[in-house]
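# Analysis of the macromolecular model
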Amino acid sequence: MAKFIFLLVSIFLVEARHIDSNNDLLRFVRKQLDEGFGHFAPDDVEEEREASSTLQYVKNWPSEPPKLGQVAGVSFDSAGRLHVFHRGRNTFDGSSFDQQNRYMKKTEGPIGVDTVLRMNPETGAVEDRWGQNMFYLPHGLKVDAEGNFWMTDVALHQVLKFSPKKELLLTLGEKFVPGSDDAHFCKPADVAVASSGEFFVADGYCNSRVMKFAANGTFLKSFSGPASSPMVVSHSVTLIEEEDLVCAADRERGR
């Protein structure tokens, strides 16, 4: 049976192997595991952050900010380059969907500007851009170890995988059709990719679950957290494979 640990995110022990990770989250999770899953005070979090954080705010970055809409996702590739996924003129708000979670503005067409920017991490200069007339309401973005782009679009109710050359390799979900079975999503929010090629989808705003797929897109399993306290909005997902952990952010429950 999977164990559940609620830290800053909900952490689920599932099959997820071989990520080589040595980050702050992993050290913090190990600390909690060693202490037996007990409750901890906010001061404990702050002490851990102060002891391990090397983050520094970079002023005047980028020096020439690009024109962006609502920024939905960011991801670094294996070369350390920053990729930004934004919504252009479109906005995700209370008028975006009807009561059946169907996108209300599809007749306006896809976003007419490039929605994905690759930015130099040192200067912030835009080095590449793409995605024009492809997306409606971008949300999640992950660049995997091979340079493939994994994107979610909450309006399309789809998860899409593109090659480093921006060729469409995989599409999951039915365009503009929300659903809760194994072949549909409802406003999928995020993707995490394992070294094996298996991947996990945070699905999302309506279904409040995490779905696991084989590398070829075959559905394997899904989970929603403990039966007594399931997730409400499964908003983000990441992996710590060496600890067999999938970390899911449960937005509405604040965990």
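In the block above lies the structure referred to throughout.
Residues numbered from 1 in each chain as written. Predicted model: local features only at pLDDT ≥ 70, side-chain atom pairs only at ≥ 80, totals over all residues. Heavy atoms only, no water.

Let us look at the pairing of strand β13 (residues 209-213). Within β13, 5 of the 5 residues are buried, which leaves the element mostly enclosed by the surrounding structure. With 5 bridges connecting them, strand β12 (residues 199-203) and β13 associate as antiparallel partners. Among the inter-strand pairings, Phe199 is bridged to a residue of β13, identified as Phe213. Hairpin connection of β12 to β13: 5 residues between the antiparallel strands, including Ser208 at a positive phi of 55 degrees. Sheet topology note: the β13/strand β14 (residues 219-223) ladder contains 4 bridges and is antiparallel. When the bridges of β14 are listed, Val210 appears paired with Phe223. Between β13 and β14, which pair antiparallel in sequence order, lie 5 residues; one of them, Gly217, sits at a positive phi of approximately 95 degrees. (Buried < 20%, exposed > 50% of the residue type's maximum accessible area, 1.4 Å probe, protein only. Helix = DSSP H or I, 4+ residues; strand = E, 2+ residues; numbered from the N terminus. Pairing = 2+ DSSP bridges.)

As a further point, take the state of the cysteines. Counted under the stated rule, the structure contains 1 disulfide. The disulfide bridge from Cys186 ends at Cys206, spanning 2.2 Å between sulfur atoms. In this structure the cystine formed by Cys186 and Cys206 twists about its S-S bond by roughly -60 degrees; its chirality is therefore left-handed. Taken as a pair, Cys186 in the loop between β10 (168-172) and β11 (190-193) and Cys206 in the loop between β12 and β13 lie far apart in primary sequence, 20 residues in all. Exposure remark for Cys206: the relative accessible area of 27% places this residue in the partly exposed category. (Disulfide = S-S within 2.5 Å.)

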